[in-house]
Amino acid sequence: MQSTSAYVDSLRPAGSKRSSKRDFIVDVFLRQDGHISADDLVEIIRREDARISRATVYRTLQWMVEAGIARKVDFGEGRYRFEHSYRHPRHFHLICKSCNSSAEFLSSDIEALIEEVASARGFSPRQSVVQIYGTCEACRTGRPATASQGQPELLFARDALRIAIATERSGRDFYTRAARITRDARARAVFLKLSEEEVDHLGRLEGRYRELLAIDPELEARPTFLFFKGAANGLFSEGAEALSRVTSDREALMLGIRCERGSHRFFKKYGERFEDSEGKRIFLEFADEEREHLELLIREYRDLVRREPKPRSTPARGAAARHQDRAKPGSTRA
Ligand SMILES: [Zn+2]
Ligand SMILES: [Zn+2]
């Protein structure tokens, strides 16, 4: 993990000199959570060092915005607030107009839509801001919030791990079931191997999840940060259900191929959209593992087709040919 000073150095515009006052202000700013106004920052800085002027804090804040260390956010209060970008993934805001609290979330589907609209209009987007104004749950119900937001970086990793774990679980169930119904010994061995691999991956992912909980014991109770339109675990659960309807080992393998391909695409598509973060690493590593499973299943499918006697009736041959077409290794790419 990058240190704060290495992070600031990486963003420091070329030719800009280090100054101890500025470094001090940047350092204090990076230690703040949430969204603070320029005046809040002046107050915090001057509590620690009364010799630093208001003008210096303002200038440094402006410099941080230009360098990408600070993001300027307008919550419609008539003044700007600032949040730092260090270990703080891009996000959108829910803003309560009753208590002025703000909560953060991320949705790659919203980002994809913004890009789609911009590109259809030949527009080159530089920054997009999504703010949802309204009334928060605490203000609406009168009950205190169950848990505060916590660190977005941890929430992001937590949500990425949750979705990967759910996918591994449904993958394991799918392969265990597939192994049970498969007649061909080799195909059955492949399903068993895959189900064991899923169990192994699951163990590693759960270990990482426990490490996150050790950093923040309240993490489980904190609100969802990462939202998706659909998730890969649904593919495997549907697949497991469809297994009860398959009539041949080929069909079972093809079903596995479809699930793995969908899962690989899901994790790759979202992982590539995320900024550098633990959550991104989790998704891209997972996408790679799913691709390996996909390739193994495709090899096995082809092998089975080679070993099995050719089906006699024309429609069956047509279906097999279509399946083979879909099973081209080139199509593993998303
Ligand atoms: Zn509120
Ligand atoms: Zn924010």
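Check the entry above for the structure.
Residues numbered from 1 in each chain as written. Chains lettered and ligands numbered in written order. Predicted model: local features only at pLDDT ≥ 70, side-chain atom pairs only at ≥ 80, totals over all residues. Heavy atoms only, no water.

**Q** Residues and numbers for the coordination of the zinc ion (ligand 2), please.
**A** Bound to the zinc ion (ligand 2) on the protein side are H35 (NE2), E83 (OE), H91 (NE2), H93 (NE2) and E104 (OE), at distances that span 1.9 to 2.2 Å. Each donor residue of the zinc ion (ligand 2) belongs to the same chain, with the gaps between them written as H-x47-E-x7-H-x1-H-x10-E. Of the two residues, H93 sits in strand β4 (residues 92–96) while E104 sits in strand β5 (residues 102–107), which places them eleven residues apart along the sequence. Residue E104 is classed as buried on the basis of its relative accessible area of 5%. (Donors = N, O, S within 2.8 Å, 3.2 Å for Na, K, Ca; no water. Helix = DSSP H or I, 4+ residues; strand = E, 2+ residues; numbered from the N terminus. Buried < 20%, exposed > 50% of the residue type's maximum accessible area, 1.4 Å probe, protein only.)

**Q** Mind laying out the packing of helix α10 (residues 249–273) against helix α11 (residues 278–307), listing which residues take part and the relevant values?
**A** Remark: α10 packs on α11, axes separated minimally by 8 Å, with the N-to-C direction vectors making an angle of 155°. The pairing of α10 with α11 is recorded here as roughly antiparallel in orientation. For α10 against α11, the interelement crossing comes out left-handed. (Axes fitted to C-alpha atoms, helices over the stretch in contact; angles between N-to-C directions. Parallel < 35°, antiparallel > 145°, perpendicular 65-115°, else oblique. Left-handed = near helix turned anticlockwise from the far one by under 90°.)

**Q** How would you summarise the pattern of salt bridges if you had to cite specific residues and measurements?
**A** Close approach of charged atoms allows side chains of opposite charge to pair. Enumeration according to the criterion identifies 27 salt bridges in this entry. Among the salt bridges present, the one from E77 reaches R81, with a minimum N-O distance of 2.8 Å. Here E295 and R291 are joined by a salt bridge, their closest N and O atoms 3.7 Å apart. With a gap of four residues between them, E295 and R291 both fall in helix α11, about one helical turn apart. Residue classification places R291 among the partly exposed residues on the basis of a relative accessible area of 30%. (Salt bridge = Lys/Arg side-chain N within 4 Å of Asp/Glu carboxyl O.)

**Q** Go over the sheet that holds β4, please, and point to the residues and values.
**A** With mixed pairing, the four strands of this open sheet are ordered in space as β6-β4-β5-β7. Looking at strand neighbours, the two that pair on one side only are β6 (131–134) and β7 (226–227), the edges of this open sheet. The pairing of β4 with β5 spans four bridges and is classified as antiparallel. Across the sheet, H93 pairs through a bridge with E104, a residue of β5. Of the strands in this sheet, β4, β5 and β7 are in contact with helix α5 (residues 108–120), which crosses β5 at around 70°. (Pairing = 2+ DSSP bridges. Contact = heavy atoms within 4.5 Å.)

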